[in-house]
Amino acid sequence: MSPDTSSSMMDDLLHETRVFEPSDEFKAQANINDPAIYEKELADPEAFWAGFAEELDWNKKWDRVLQWDPPHAKWFVGARMNACYNCVDRHADGALGDKIAILFEGEPGDTLTLTYKELKREVCKAANVLKKLGVVKGDRIAIYMPMIPEAAIAMLACARIGAVHSVVFGGFSADSLSDRINDQQAKLVITADGGYRRGSIFALKPTVDQALGVSPSIENVLVVRRGEGDCAWTDGRDHWWHELMAEARDECEPEWCDSEDMLFVLYTSGTTGKPKGIVHTTGGYMVHAYATSKWVFDLKDSDIFWCTADVGWITGHSYIVYGPLANGATVLMYEGVPNHPEQDRFWRIIEKHKVTVFYTAPTAIRSFMRWGEKWPDGCDLSSLRLLGSVGEPINPEAWIWYHENIGKKRCPIVDTWWQTETGGIMITPLPGITATKPGLATRPFPGIAAEILNETGEKIGVGGGLLAITSPWPGMLRGIYGDMDRYVDTYWSKWDKGTYFPGDGAKRDAQGYFWILGRVDDVLNVSGHRIGTMEVEGALVDHHEVAESAVVGKKHEVKGQAVAAFVTLKEGIEASLEKETELRNHVAKKIGAIAKPDSIIFTAELPKTRSGKIMRRLLRDVAEGRALGDTTTLTDPAVVDQLKEKYKDD
Ligand code: WT7
């Protein structure tokens, strides 16, 4: 599959001549402003990463920086550290004890601040609660929470005692939650009764109850009371967070973990129906998250850093919790949606809390564009000094809008390319060095080796091809939970065993800048959320009236991509608008609302090759209204013509 956006987007980018230099003022104060860093680190990337590692606290130093047995890497071999200690204790017990670590704003407008000292107390208490419930080092803990401080506290408490957390985004369904719990045999779930979303309470506990009906490994459920507290209760299994926290001791020694001990598992979609539990370990991940937070977001003591992601995604792990807190930054956390009570909520938050660095997704930026300039114009955004973008390719138009209307032409923009698997930012401008171009992620972070390769592994100097990472990096995934073969097959088998295949198409210009064009596999990126086409197909076929389905992505103005489904119903079942709604809801029930198809086209037959393979390429052409590609291998070419007609009518 080639990226669907490639041709038109590539044309746009080819004509992109606008270049934005960081101002002298920004350069002068930047954490890194010497362009020679790119050459220096090339000479010795291991020494480069070790330099950052020296800035963290270790209980025992490493014997070796890297042990590389492709495709298996160990970083900071033999070292011991604790991720929570590095995020919390070293600041709480040092000069930053009274500095605000977490600045929370709930959707109803309530606020809460936690200094590093207070955060340490809360995290220690939570760690003691987990211990009391029998959690020991290595146990897996599922976290299914709204965006409230307790989500970060729960993650850090797990890290403190060496338990492995697995955060599941609160928008996922009971089925998705139980699949993830079962895959790793998690022992405990931390959740909340609910959280505020669009002005009302979005219940979470009932979904957990439903999931636990088929997840027998769970022994205890810890429930934070964020809503009205009126949820169903299973005595002996369910415990109120605030009750156990009230009794817990506020001191807890951190567990000194091996650098390669598992820190967390985070599930993400792939090209099969089964999500992958991406495994991240401790030392290398922390060094990567710390270094990129420091240099890409240029974090200073005076910054208020706001990353709008949910902690359920990797962005929330690396740039709400581990990276900024390891830097001793003040992190803003916001619970709700950007348009409640009105479309200026984000700008009001920036004004109120004097946010200095703001990191969000292109989908959000495109929504803001739609809502109009009057919303940001009505707020004082002068505290902002740096902007970031992540999650999907940012179209130049959105980039320019962001630059002009939010950054007021003053703030550099860092368009950061990375993945759940990479753990931290990989391709990005350095805001005090890089001259940026709208839509381009620009250059690999120092210490990261990226290339554009063709299918057979030949390097492409200037031009388009597949993005490849050619050396190991500290934050890289160490495996897929319980499935090392899939790890090797998915990521390290396209070329040689030492070259990582991220699944993205990219192009490089004469200046050596990378343009990331989007996925080249059967993975969709809908509003920056990764959705596997096979998962959606599985959810559709799970419906008792569906015979067959094929799911593809189609271009969407705001979401980047939308889910387009083609469905064949069983004999005798009538297609109707009601049936379409029913099937869309069925997908939401099976996976979560984020995976709901935008459109469903009912068809008597799907276009197939003679060997029975569904021709997705043609379906994508149909979904995006393009001229059809080669149809000669089809069993029945008339099928696609009929589909095209239907699509027009839809
Ligand atoms: C996929 C990874 C990284 C955290 C959020 C998503 C796409 C991500 C960019 C960017 C173009 C991007 C890629 C990648 N992507 N950032 N700056 N420019 N594309 O994490 O769910 O693991 O998805 O998101 O296609 O492979 P994820």
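Residues numbered from 1 in each chain as written. Predicted model: local features only at pLDDT ≥ 70, side-chain atom pairs only at ≥ 80, totals over all residues. Heavy atoms only, no water.

Asks: Describe the sheet that holds strand S21 (residues 450-453), with residues and values.
Replies: One open sheet holds the 4 strands; their spatial order is S21-S22-S24-S25, and the pairing between them is antiparallel. Among the strands making up the open sheet, the edge pair consists of S21 and strand S25 (514-519). Neighbour to neighbour, the strand axes of the sheet diverge by 45° on average, direction disregarded. Pairing analysis gives 4 bridges linking strand S22 (residues 463-469) to strand S24 (residues 504-508), with the strands arranged antiparallel. Each bridged residue has a counterpart across the sheet, and for glycine 463 the counterpart in S24 is arginine 508. (Pairing = 2+ DSSP bridges. Helix = DSSP H or I, 4+ residues; strand = E, 2+ residues; numbered from the N terminus. Axes fitted to C-alpha atoms, helices over the stretch in contact; angles between N-to-C directions.)

Asks: Run through the side chain of aspartate 238, naming residues and quoting values.
Replies: Summarising the element assignment, aspartate 238 is placed in strand S12 (residues 238-240). In this structure the side chain of aspartate 238 is engaged in a polar contact, spanning 2.8 Å, whose partner is the side chain of lysine 205. Polar side-chain contacts of aspartate 238 include one of 2.7 Å to the side chain of arginine 237. Aspartate 238 has contacts with Lys205, Asp209, Val221, Ala232 and Trp233, leaving out every residue within four places of it along the chain. (Polar contact = N/O pair within 3.5 Å; in protein donor to acceptor, adjacent residues only side chain to side chain. Contact = heavy atoms within 4.5 Å.)

Asks: Please give an account of the domain arrangement of the protein that cites residues and values.
Replies: As far as domains go, the protein holds domain 1 (112-255) and domain 2 (523-649). Taking the mean C-alpha position of each, domain 1 and domain 2 sit 37 Å from one another. The partner domain 2 presents 7 residues to the 6 residues of domain 1 that form the contact. With both chains or domains summed, domain 1 and domain 2 bury close to 490 Å², and 47% of this area falls on carbon and sulfur atoms. (Domains from an automatic or database assignment. Buried area = accessible area lost by both parts, 1.4 Å probe.)

Asks: Requested: an account of unusual backbone geometry, with residues and values cited.
Replies: Omega for the bond connecting proline 70 with proline 71 falls within 30 degrees of zero, at 0°, which places this linkage in the cis form. Structurally, the position occupied by proline 71 is in the loop between strand S1 (64-69) and strand S2 (72-77). For the bond from histidine 340 to proline 341, the omega torsion is -5°, close enough to zero to count as cis. Of note, lysine 408 is a non-glycine position whose phi angle comes to about 50°, a positive value. Locating lysine 408 in the fold gives a position in the loop between helix H16 (396-406) and strand S20 (413-416). Look at threonine 442: it is not a glycine, yet its phi comes out positive at around 70°. As for its placement among the helices and strands, threonine 442 is situated in the loop between S20 and S21.

Asks: Can you explain the pairing of strand S30 (residues 599-602)? Please cite residues and give values.
Replies: Burial along S30 is two-sided: the face carrying Ser599 and Ile601 and the face carrying Ile600 and Phe602 are both buried. Remark: the strand S29 (residues 560-569)/helix H19 (residues 577-590)/S30 crossover connection has right-handed handedness. (Buried < 20%, exposed > 50% of the residue type's maximum accessible area, 1.4 Å probe, protein only. Right-handed = clockwise from strand over helix to strand, strands pointing away.)

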